[in-house]
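Coordinate inspection notes
The residues making up each chain are set out below.
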Amino acid sequence: MSLIETFTDYVLNRKSLKEYVEVRKTIHERGEFNDAKLIQAQDNLERLKAEEPEVYEGMYATLAKIYARNSGLTIEYPLDFIRQILRMYRTHLTPTQVYEEYKRVLEHYHHDV
């Protein structure tokens with residue numbers, strides 16, 4: 001399995017990104033995120049799940065809808081998801097605001113459908 005396939009599996013199946021950091025050391029490909037960013041993303045996901053479970057579930061539901069629509073480069077979907085997770089708790093935006101922005105991506109994926 002390639003690195004992006006492994007990463008996608010971890011993101012879609014809500015597996016620990018901290019475990020992924022260890023697994024990817026056995027795959028000799030370069031990834032999009034460094035270890036520290038992946039660990040931060042996992043910490044953000046855990047915090048989001050504990051503090052705002054509706055937003056947590058909504059983020060994954062939006063990701064599922066993006067996959068169902070399948071109107072773009074599928075390798076970008078989990079990468080963008082993690083980019084959004086990394087924005088939470090780091091910027092002036094609240095997790096709810098990041099989620100609302102992320103949902104808007106569904107509006108932009110209408111390519112001659």
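Refer to the structure printed above.
Reference entry: report on the structure contained in this document. By convention here, each chain's residues receive numbers from 1 onward along its written sequence. Only residues with pLDDT of at least 70 get local features here, since the model is predicted, and only at 80 or more are side-chain atom pairs given and counted; chain-wide, interface and lining totals rely on the full set of residues. Side-chain metrics in this entry use all non-hydrogen atoms of the structure; hydrogen atoms and water are not considered.

1. Thoughts on the environment of lysine 37
Summarising the element assignment, lysine 37 is placed in helix α3 (residues 35-51). When its relative accessible area of 35% is taken as the criterion, lysine 37 is described as partly exposed. Residues lysine 37 and isoleucine 82, 45 residues apart in the sequence, show an inter-C-alpha distance of 9.2 Å. Note on definitions: a residue-residue contact is assigned when non-hydrogen atoms from the two residues lie within 4.5 Å. Not counting residues within four places of it along the chain, the set of residues in contact with lysine 37 comprises Leu86 and Arg90. Counting from the N terminus, the helices are DSSP H or I runs at least four residues long and the strands are E runs at least two residues long. Classification of residues uses two cut-offs on accessible area relative to the type maximum, computed with a 1.4 Å probe and protein chains only: under 20% is buried, over 50% is exposed, and between them is partly exposed.

2. A look at the nonpolar core
In plain words, nonpolar cores are sets of buried Ala, Val, Leu, Ile, Met, Phe, Trp, Tyr and Cys residues tied together by side-chain atoms within 4.5 Å. Judged by nonpolar contacts, the single largest core of 32 residues is most densely connected at Phe7, Leu17, Met59, Phe81, Ile82 and Ile85. Within the residue set of this core, elements represented by two or more residues are α1 (3-12), α2 (17-23), α3, α4 (53-69), α5 (76-87), α6 (95-103) and α7 (105-108).

3. Structural notes on the packing of aromatic side chains
Aromatic rings from Phe, Tyr and Trp, with only the six-membered ring used for Trp, were paired whenever their centres fell within 6.5 Å, and each pair was classed as stacked if the ring planes differed by under 30 degrees, edge-to-face if by over 60, and tilted otherwise. With the rule as written, the count across this model stands at seven aromatic pairs. Arranged with centres 6.1 Å apart and planes meeting at 40 degrees, the rings of phenylalanine 7 and phenylalanine 33 form a pair that is tilted. Residue phenylalanine 7 is found in helix α1, and its partner phenylalanine 33 is found in the loop between α2 and α3; the two are separated by 26 residues along the sequence. Residue classification places phenylalanine 7 among the buried positions, given a relative accessible area of 3%. Measuring from centroid to centroid gives 4.8 Å for tyrosine 60 and phenylalanine 81, while their planes differ by 45 degrees, and the two rings are tilted. Of the two residues, tyrosine 60 is situated in helix α4 and phenylalanine 81 in helix α5; the sequence distance between them amounts to 21 residues. Tyrosine 60 sits in the buried class, given a relative accessible area of 9%. An aromatic cluster of at least three residues, connected via ring pairs, comprises Phe7, Tyr10, Tyr20 and Phe33. In this structure, arginine 14 is placed above the aromatic ring of tyrosine 60, and the distance from its NZ or CZ to the ring centre is 4.1 Å. The ring of tyrosine 10 has lysine 15 lying over it, and the distance from NZ or CZ to the ring centre is 5.1 Å. In this scheme, the term charge over a ring applies when either NZ of a lysine or CZ of an arginine sits within 6 Å of the ring centre and within 35 degrees of the ring normal.

4. A look at the side chain of glutamine 42
Positionally, glutamine 42 belongs in helix α3. Given a relative accessible area of 9%, glutamine 42 falls into the buried group. For the purposes of these results, a polar contact is taken to be a pair of N or O atoms within 3.5 Å, where, inside protein, one atom must be able to donate a hydrogen and its partner to accept one; residues adjacent in sequence count only when each atom of the pair is a side-chain atom. Within the local environment of glutamine 42, its side chain forms a polar contact with the backbone nitrogen of leucine 17, the two atoms lying 2.8 Å apart. Aside from chain neighbours lying at most four places away, what touches glutamine 42 is Lys15, Ser16, Leu17 and Lys18.

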